[in-house]
Amino acid sequence: MRKLGLLLLLLSAAGLPFSCAPSKPSTDADSPSYVTTGETSEGFQLLDRRPLEPSETWPDGVAGYRFKYLSDGLEIVGYLFKPASPDALLPLLIFNRGGGPSFGCLDGKTLDNQAFLCSRGFVVLASMYRGSCGGDGSDEFGGADVDDVVNLVSLGRALPTVDPDRVVMLGYSRGGMMTFLAAKRGVHLRAAATVGAPTDLLETYRSIDSWFHRMGLRYLVGDPDENPRKYRARSAVCWPGEIKVPLLILHGEDDNKIGVNQAGRLAAELRALGTPHKLVVLQGGDHTLDSHREERDRLILEWFHKHLPPGSNPLR
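In this text the structure is predicted, and so the values were computed from the model without any measurement. (Residues numbered from 1 in each chain as written. Predicted model: local features only at pLDDT ≥ 70, side-chain atom pairs only at ≥ 80, totals over all residues. Heavy atoms only, no water.)

This part takes up the overall build of the protein. Of regular secondary structure, the protein possesses nine helices and nine strands. Taking the intrachain contacts of the protein between residues at least 6 apart in sequence as the baseline, contacts between residues at least 24 apart amount to 71%. Accessible surface computed for the protein: about 14,500 Å², of which carbon and sulfur atoms make up 53%. (Helix = DSSP H or I, 4+ residues; strand = E, 2+ residues; numbered from the N terminus. Contact = heavy atoms within 4.5 Å. Areas by Shrake-Rupley, 256 points an atom, 1.4 Å probe, with all protein chains shown as cover.)

Quick look at the sheet that holds strand 7 (residues 191-195) now. Judged by pairing direction, the sheet is mixed, and its nine strands sit side by side in the order 1-2-3-5-4-6-7-8-9 without closing on themselves. Only two strands of the sheet have a single partner each, and these edge strands are strand 1 (47-51) and strand 9 (277-282). Strand-to-strand twist of the sheet, defined as the mean angle between neighbouring strand axes without regard to direction, takes the value 20 degrees. Here strand 4 (residues 90-96) pairs with strand 6 (residues 162-172) via six bridges, running parallel. Bridge assignment links Asn96 to a residue of strand 6, and that residue is Gly171. Each of strand 2 (62-71), strand 3 (74-83), strand 4, strand 5 (123-127) and strand 6 is contacted by helix 3 (residues 146-157), which is oriented at about 120 degrees to strand 2, the strand it contacts most. (Pairing = 2+ DSSP bridges. Axes fitted to C-alpha atoms, helices over the stretch in contact; angles between N-to-C directions.)

Turning to a nonpolar patch on the surface, a few remarks are in order. On the surface, Val260, Leu279 and Val281 cluster together into a nonpolar patch covering about 190 Å² of accessible area. Mapped onto the secondary structure, Val260 falls in helix 8 (residues 260-273). The exposure class of Val260 is partly exposed, given its relative accessible area of 31%. (Patch = residues over 30% accessible without salt bridge, like charges linked within 9 Å, V, L, I, M, F, W, Y side chains within 5 Å. Salt bridge = Lys/Arg side-chain N within 4 Å of Asp/Glu carboxyl O. Buried < 20%, exposed > 50% of the residue type's maximum accessible area, 1.4 Å probe, protein only.)

For the structure shown, the criterion picks out 15 salt bridges. Among the salt bridges present, the one from Asp147 reaches Arg185, with a minimum N-O distance of 3.1 Å. Residue Asp147 is located in helix 3, and its partner Arg185 is located in the loop between helix 4 (174-184) and strand 7; the two are separated by 38 residues in the primary sequence. Assessed through its relative accessible area of 5%, Asp147 is described here as buried. The closest approach of N and O atoms between Glu302 and Arg298, which form a salt bridge, is 3.3 Å. Of this pair, Glu302 and Arg298 both sit in helix 9 (residues 293-307), four residues apart, which is roughly one turn of the helix. For Arg298, a relative accessible area of 39% puts it in the partly exposed group.

By size, the foremost hydrophobic cluster in this structure holds 53 residues, and its most contacted members are Ile94, Leu125, Phe180, Leu217, Ile243, Leu247 and Leu266. Setting aside anything within four residues of it in sequence, one finds Leu247 in contact with Phe180, Ala192, Ala193, Thr194, Leu266, Leu270, Pro276, His277, Lys278 and Trp303. Formed by 35 residues, the second largest nonpolar core is a distinct cluster that contains Leu52, Leu111, Val195 and Ile300. (Core = buried A, V, L, I, M, F, W, Y, C linked by side-chain atoms within 4.5 Å.)

Applying the stated criterion across every chain yields a total of five aromatic pairs. Seen from their ring centres, Phe122 and Phe304 are 6.2 Å apart, and the 65 degrees between their planes marks the pair as edge-to-face. Here Phe122, found in the loop between helix 2 (108-119) and strand 5, pairs with Phe304, found in helix 9; they are 182 residues apart in sequence, far enough to count as distant. On the basis of relative accessible area, Phe122 is assigned to the buried category, the value being 0%. (Phe/Tyr/Trp six-rings, centres within 6.5 Å; stacked < 30°, edge-to-face > 60°.)

A few words now on the side chain of Asp200. Here Asp200 lies in the loop between strand 7 and helix 5 (201-207). By relative accessible area, Asp200 is classed as buried at 2%. A polar contact of 3.1 Å, which involves the side chain of Asp200, links it to the backbone nitrogen of Glu203. (Polar contact = N/O pair within 3.5 Å; in protein donor to acceptor, adjacent residues only side chain to side chain.)

Bringing the confidence of the model for the protein into the picture now. With 83% of its residues at a pLDDT of 70 or more, the protein has an overall mean of 85. The low-confidence segment residues 1-18 (pLDDT under 50) makes 10 contacts with residues lying over four places distant or belonging to another chain. The model gives residues 23-43 a pLDDT under 50, and that stretch makes 42 contacts with residues more than four places away or in other chains. (pLDDT = per-residue confidence, 0-100.)

On to the environment of Ala272. Tracing the chain through its elements places Ala272 in helix 8. With relative accessibility at 67%, the residue Ala272 sits in the exposed group. In this structure, the C-alpha to C-alpha distance between Ala272 and Pro240, residues 32 residues apart in sequence, is 9.7 Å.

Next up, the structure:
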């Protein structure tokens, strides 16, 4: 017992969350099985592209599409928003959704938000991830499905209306975790932003009140007692040095799904490393900050435009 107490004291002194401490020497099996070469060349073609019916809230001049693309040989569902008549190459915004395989498919509210972001000068691409919303494969909640985000970046950079050197990424909830993992993979981003993102998946699991939701996470990732390395591999607080992109962390003070302390812990690690970042906790804010929609969107757009270089390239 005294030895265990000493171990906990040393971990605390080192600033390392206990959930990040490996229970055995790390091996290649401790990480998800996807390739780690950064961006791939697969999936440059939009398959089965179908136009979306604009809602009354879409800004003028925005066109939306539902499509499929290839990722690791699987057909994945995605969404594309672009100006109907662009006159120059535009930055690419990758939108990473929250939710799991049975919920999280984009609803009208989220599609409206992507149309709004597009109207502010971006081509917007969003992946539904494998095993979800009509796509092939199985959702791994931050495992091989990260390939679907990486491959979407490659697809987006090849679009004729996109400036391939100006790419940003935005993730909500689980999508924030996907954003951290894409940065860990070495995807070249000018900036990233997350909203209500889990940074410690083991803490997230332990704080879930719903037995149903806890079983869902066990199904997707595994039993945390039997597979702690899978939870560490999905927890940005365990590898903050892998995040080298300027990062905006937004969190609601009243988030009842992901504790605001998780945002603070990652920000503290990034501050110690000297990584460019900004933490904003909005008083009374909910999980996705829909309660502060205008302020949330303003902060995100200001962050992206601050870190994007100017673009003046004509259309290809």
